[in-house]
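An overview of the molecular structure
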Amino acid sequence: MSKVSTCLWFERDAEEAARFYTSLIPGSAIEHVQRSPAQWPGGEAGDVILVLFNLAGQSYQGLNGGNRADYGTAASISVTCKDQEEVNRLWAALTANGGSEIACGWLRDRWGVPWQIVPEIMVRLLADPDPAVAGRAFTAMTTMIKLDVAALEKAAAG
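The structure reproduced in this document is the subject of the present report. (Residues numbered from 1 in each chain as written. Predicted model: local features only at pLDDT ≥ 70, side-chain atom pairs only at ≥ 80, totals over all residues. Heavy atoms only, no water.)

Taken in spatial order, the 4 strands of this open sheet run β1-β4-β3-β2, and their pairing is mixed. Here the strands that pair on one side only, and so sit at the sheet edges, are β1 (6-10) and β2 (29-35). Sheet twist, expressed as the average angle between the axes of neighbouring strands with direction ignored, equals 20 degrees. Bridge count between strand β3 (residues 48-55) and strand β4 (residues 58-64): 6 bridges; the pairing is antiparallel. Residue pairing for β4: L50 is matched across the bridge by L63. (Pairing = 2+ DSSP bridges. Helix = DSSP H or I, 4+ residues; strand = E, 2+ residues; numbered from the N terminus. Axes fitted to C-alpha atoms, helices over the stretch in contact; angles between N-to-C directions.)

Summed over all chains, the structure comprises 4 salt bridges. A salt bridge links E16 to R110, with the nearest nitrogen and oxygen atoms 3.4 Å apart. Residue E16 is located in helix α1 (residues 14-24), and its partner R110 is located in the loop between β7 (106-108) and β8 (114-119); the two are separated by 94 residues in the primary sequence. Take R110: its relative accessible area is 22%, and that puts it in the partly exposed class. As a salt-bridge pair, E120 and R124 come within 3.6 Å of each other at their nearest N and O atoms. In this pair, E120 and R124 both sit in helix α3 (residues 120-126), 4 residues apart, roughly one turn of the helix. Owing to a relative accessible area of 49%, R124 belongs among the partly exposed residues under this scheme. (Salt bridge = Lys/Arg side-chain N within 4 Å of Asp/Glu carboxyl O. Buried < 20%, exposed > 50% of the residue type's maximum accessible area, 1.4 Å probe, protein only.)

This is the structure we're talking about:
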């Protein structure tokens with residue numbers, strides 16, 4: 001068990017969410033499913049109360065709290081993607097079944113958890129030593145919902 005991990009609150013489907021998330025990100029796994037030893041305010045004995053999992057080595061907990069949480073946008077799960085294919089795959093999976101697009105590479109999955117799906121090239125373009133290149137890439141990003149690698153590269157090139 002990791003000393004520090006992010007805890008995500010779910011109504012009753014933390015295990016389903018953890019299985020879904022770990023299926024999307026290579027090198028991810030469910031580490032432990034804790035069931036309630038007794039009846040509790042959110043459910044019955046034997047119900048899943050906590051799921052420990054990792055996404056590419058980053059530790060998370062999925063907690064079944066008995067009611068839906070509002071995540072806001074102050075925190076998100078950010079995934080750096082190697083290419084447009086990976087961006088598209090994650091975007092489609094995470095926005096399916098009730099997920100929603102936000103802006104600039106942000107989305108919410110069907111549980112309301114905010115995610116940032118960012119191609120590696122975006123990170124490199126924003127760090128370009130030429131401020132004009134970084135500025136053009138940034139401006140292009142602000143007009144997008146899902147980030148588009150080809151459009152970002154074209155904008156950066158001028």
